[in-house]
Amino acid sequence: MTAADEAQGLFSTLTGSETVGLWSAPGRVNLIGEHTDYNDGFVFPFATPHRTYVALGRRTDGRIRVVSTFDTAPVEVALADLDAFFPERRDEIVEWARYPLGVAWALLQATGKDAASVTGVDLAFASDVPVGAGLSSSAAIEGATGSALNDVWELGLDRVALAQAGRRAENEAVGAPTGIMDQMASMLGETDAGTFLDCRSLDAQVVELGFEAAGLELMVIDTRVAHAHSTGGYGERRAACERGAEAMKVPALRDVRVDQLPRVEELVDEKTYRRVRHVVTENQRVLDTVRTLREKGPRAIGDLLYASHASMRDDFEISVPELDLAVETARENGAIGARMTGGGFGGSAIALIDRDAVPAVREAMLAAFAAAGHTEPHVFTVRPSQGARRDG
Ligand code: ADP
Ligand code: MG
């Protein structure tokens, strides 16, 4: 059964009535541009074919009820009470339900609408986006919720505003301090294209990737190493970036060019310098990737992907042995380029490979992980896909 059917089925089990419609939003993979978002820099993600679906129906009692195949116990609150829960009393709501309820709250906040002026709703979710694999199942559930409520409540918000509502939900209703890349990628994605995003202006351009025409596949190697946020690694990186920007007297590292790095080196300690060098060179690599794609096509971007990985491994120090092994195995088996993707300390690597090479690279990957004594990775390919949409 497809996730779309599952959402419809869950909805009828819950309500016994008809839906108003079905909406969906995808996960995302970041092609390049890591830890650049909170430095006001550039990112270049694309939307996955994996999607989260929501079947929606109206209610007449001003309440919002959410249910998911992940956790079939429904969660229900009065729309007028969302304000009371978010952000202060969010802990009283089970974590997964804070994502969709948080989006409903953020949408009402963004539009200044009174809860009494919009219809109550039932929302049933089902998804084929793997959770915690670095594909951003969180942006998918936010995007599906935002798209559905925007239509049914006739809010008239554009896709950037919906992405912002998703981010606000994640930051304030869930309590996860993330940037806006995931939501923008999920909202704006197009088939066989990436979303080139300026995280300062939120200016987004759809850039053709041309993987199909070039006979290329994008492989994801989910190492199944869980991100360990508790190590404080993320906070340390952010603090180093702030120190670097301060030393250079600029608002953010986005404002430092590669040719200014020698000056940074004079001003900060060695470790801070390496953190800064990653961000500054990574921003340049995003720009170079977009330009190279336009001028020469996808086969020419491989070295930028490899360089991005080396920078995260050596300068930002956010890789783990499993991710390094995935990238090296891809390289040894003829990949055009490969890198870890996502925040680091676990999660997934990506590799750009010839379509014909997919089975051989997959086998080599499984063999290399087994030989190293690592947990068997999940290996699959993703075609850059369409962003949030109404499906029925
Ligand atoms: P990811 O990297 O997949 O985005 P996150 O920790 O950011 O990982 O978000 C995953 C969380 O989002 C899940 O633990 C769950 O709370 C929520 N979530 C995502 N998709 C769904 C869904 N279809 N149904 C219910 N909750 C979901
Ligand atoms: Mg997430």
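Calculation rules
- Residues numbered from 1 in each chain as written.
- Chains lettered and ligands numbered in written order.
- Predicted model: local features only at pLDDT ≥ 70, side-chain atom pairs only at ≥ 80, totals over all residues.
- UniProt positions renumbered as here; feature names shortened; annotations may be inferred.
- Helix = DSSP H or I, 4+ residues; strand = E, 2+ residues; numbered from the N terminus.
- Near = placed C-beta within 6 Å.
- Nonpolar A, V, L, I, M, F, W, Y, C, P; charged D, E, K, R; others polar.
- Core = buried A, V, L, I, M, F, W, Y, C linked by C-beta atoms within 7 Å.
- Buried ≥ 20, exposed ≤ 12 C-beta atoms within 10 Å, placed from the backbone.
- Contact = placed C-beta atoms within 7 Å.
- pLDDT = per-residue confidence, 0-100.
- Axes fitted to C-alpha atoms, helices over the stretch in contact; angles between N-to-C directions.
- Parallel < 35°, antiparallel > 145°, perpendicular 65-115°, else oblique.
- Left-handed = near helix turned anticlockwise from the far one by under 90°.
- Pairing = 2+ DSSP bridges.

Under the annotation held in an unreviewed UniProt entry, the chain carries the name Galactokinase and is attributed to Microbacterium oleivorans. Note on the chain: under the UniProt heading Sequence similarities (unreviewed entry), the record states "Belongs to the GHMP kinase family. GalK subfamily."

Draft legend 1. A look at the UniProt feature "domain: GHMP kinase N-terminal" (unreviewed entry) in the chain. Summarizing the sequence annotation, UniProt attributes the feature "domain: GHMP kinase N-terminal" (unreviewed entry) to residues 99-189 in the numbering used throughout. The span residues 99-189 is 58% helical and 9% strand by assignment, and the distance between its end C-alpha atoms comes to 21 Å.

Draft legend 2. View of the site of ligand 1. Within the structure, ligand 1 sits among 16 residues, and Ser68, Trp96, Ser127, Ser137 and Ser138 are positioned closest to it. Residue assignment for the shell around ligand 1 shows that the elements contributing at least two residues are helix H3 (95-111), strand E5 (120-127) and helix H4 (137-152). Among the residues making up the shell around ligand 1, the classes are represented as seven nonpolar, eight polar and one charged.

Draft legend 3. Representation of the nonpolar core. Counting 101 residues, the largest nonpolar core has Ala7, Val54 and Ala351 as the members making the most contacts within it. Beyond its immediate chain neighbours, meaning those up to four positions away, Ala7 contacts Leu22, Tyr53, Val54, Ala55, Ala124, Phe125 and Ala126. In terms of nonpolar packing, the next biggest core, distinct from the first, is built from nine residues, Cys241, Leu253, Tyr273 and Val276 among them.

Draft legend 4. Looking closely at the UniProt feature "domain: GHMP kinase C-terminal" (unreviewed entry) in the chain. Residues annotated in UniProt with the feature "domain: GHMP kinase C-terminal" (unreviewed entry) correspond here to residues 293-369. Taken end to end, residues 293-369 comprises 53% helix and 16% strand; its first and last C-alpha atoms sit 32 Å apart.

Draft legend 5. Local environment of the confidence of the model for the chain. Considering every residue of the chain, the mean pLDDT works out to 96; 99% of them sit at 70 or more. Both confidence scores are given for the complex: pTM 0.95, ipTM 0.99.

Draft legend 6. Just the packing of H4 against helix H5 (residues 159-174), in detail. It is the contact of H4 with H5, at a shortest axis distance of 9 Å, that shows an interaxial angle of 125°. The angle between H4 and H5 places the two elements in the oblique class. Viewed along their axes, H4 and H5 form a crossing whose handedness is right-handed. Judged by residue contacts, Ser138, Ala139, Glu142, Gly143, Gly146, Ser147 and Asn150 of H4 engage Leu162, Ala165, Gly166, Ala169 and Glu170 from H5.

Draft legend 7. Representation of the sheet that holds strand E10 (residues 348-354) within the structure. Here four strands make up an open sheet; going across it, the order is E9-E10-E8-E11 and the pairing antiparallel. Strands with a single pairing partner mark the edges of an open sheet, and in this sheet they are strand E9 (337-341) and strand E11 (378-382). Here the strands of the sheet are splayed against their neighbours by 25° on average, with no regard to which way each runs. In terms of strand pairing, strand E8 (residues 216-222) meets E10 through seven bridges, oriented antiparallel.

Draft legend 8. Broad picture of the environment of Leu31. One can find Leu31 in strand E1 (residues 21-32). On the neighbour-count criterion, Leu31 (31 C-beta atoms within 10 Å) is buried. If sequence neighbours within four positions are ignored, Leu31 has contacts with Phe44, Pro45, Phe46 and Gly194.

Draft legend 9. Quick look at the environment of Ala300. Tracing the sequence through the fold places Ala300 in the loop between helix H9 (270-296) and helix H10 (302-314). Since 16 C-beta atoms lie within 10 Å of it, Ala300 is described here as partly exposed. Along the backbone, Ala300 and Thr289 are eleven residues apart, and their C-alpha atoms lie at a distance of 8.6 Å.

Draft legend 10. Up close: the pairing of strand E6 (residues 193-198). Burial analysis of E6 places five of its six residues in the buried class, the great majority of the element. In this sheet, E6 lies alongside strand E2 (residues 42-59) in antiparallel orientation, the contact comprising two bridges. Across the sheet, residue Phe42 finds its bridge partner in E6, namely Asp198. Between E6 and the antiparallel strand that follows it, strand E7 (residues 204-208), lie five residues; Leu202 among them carries a positive phi value of about 65°.

Draft legend 11. Layout of unusual backbone geometry. Here the residue pair Phe86 and Pro87 is connected by a cis peptide bond, since its omega of -5° sits within 30 degrees of zero. Positionally, Pro87 belongs in the loop between helix H2 (82-85) and H3. With a phi close to 60°, Ser136 is a non-glycine residue in the positive phi region. Secondary-structure assignment places Ser136 in the loop between E5 and H4. You can call Ser136 buried: it has 30 C-beta atoms within 10 Å. Within the chain, Phe345 stands out as a residue other than glycine whose phi angle is a positive 60°. In this fold, Phe345 is placed in the loop between E9 and E10.

Draft legend 12. Quick peek at helix H6 (residues 181-188). With eight of eight residues buried, H6 lies mostly within the body of the structure. If you check which residues of H6 are buried, you get Met181, Asp182, Gln183, Met184, Ala185, Ser186, Met187 and Leu188. Against the buried residues of H6 lie E1, E2, H4, H5, E6 and E7.

Draft legend 13. A look at the packing of helix H11 (residues 321-332) against helix H12 (residues 358-371). At their nearest, the axes of H11 and H12 sit 10 Å apart, and the two run at 140° to each other. Put simply, H11 runs oblique to H12. Judged by the twist between their axes, the crossing of H11 over H12 is right-handed. Each of Leu325, Ala326, Thr329 and Ala330 in H11 lies in contact with H12, whose residues at this interface are Val361, Ala364, Met365, Ala368 and Phe369. Looking at side-chain class alone, the contact of H11 with H12 contains eight nonpolar, one polar and no charged residues.

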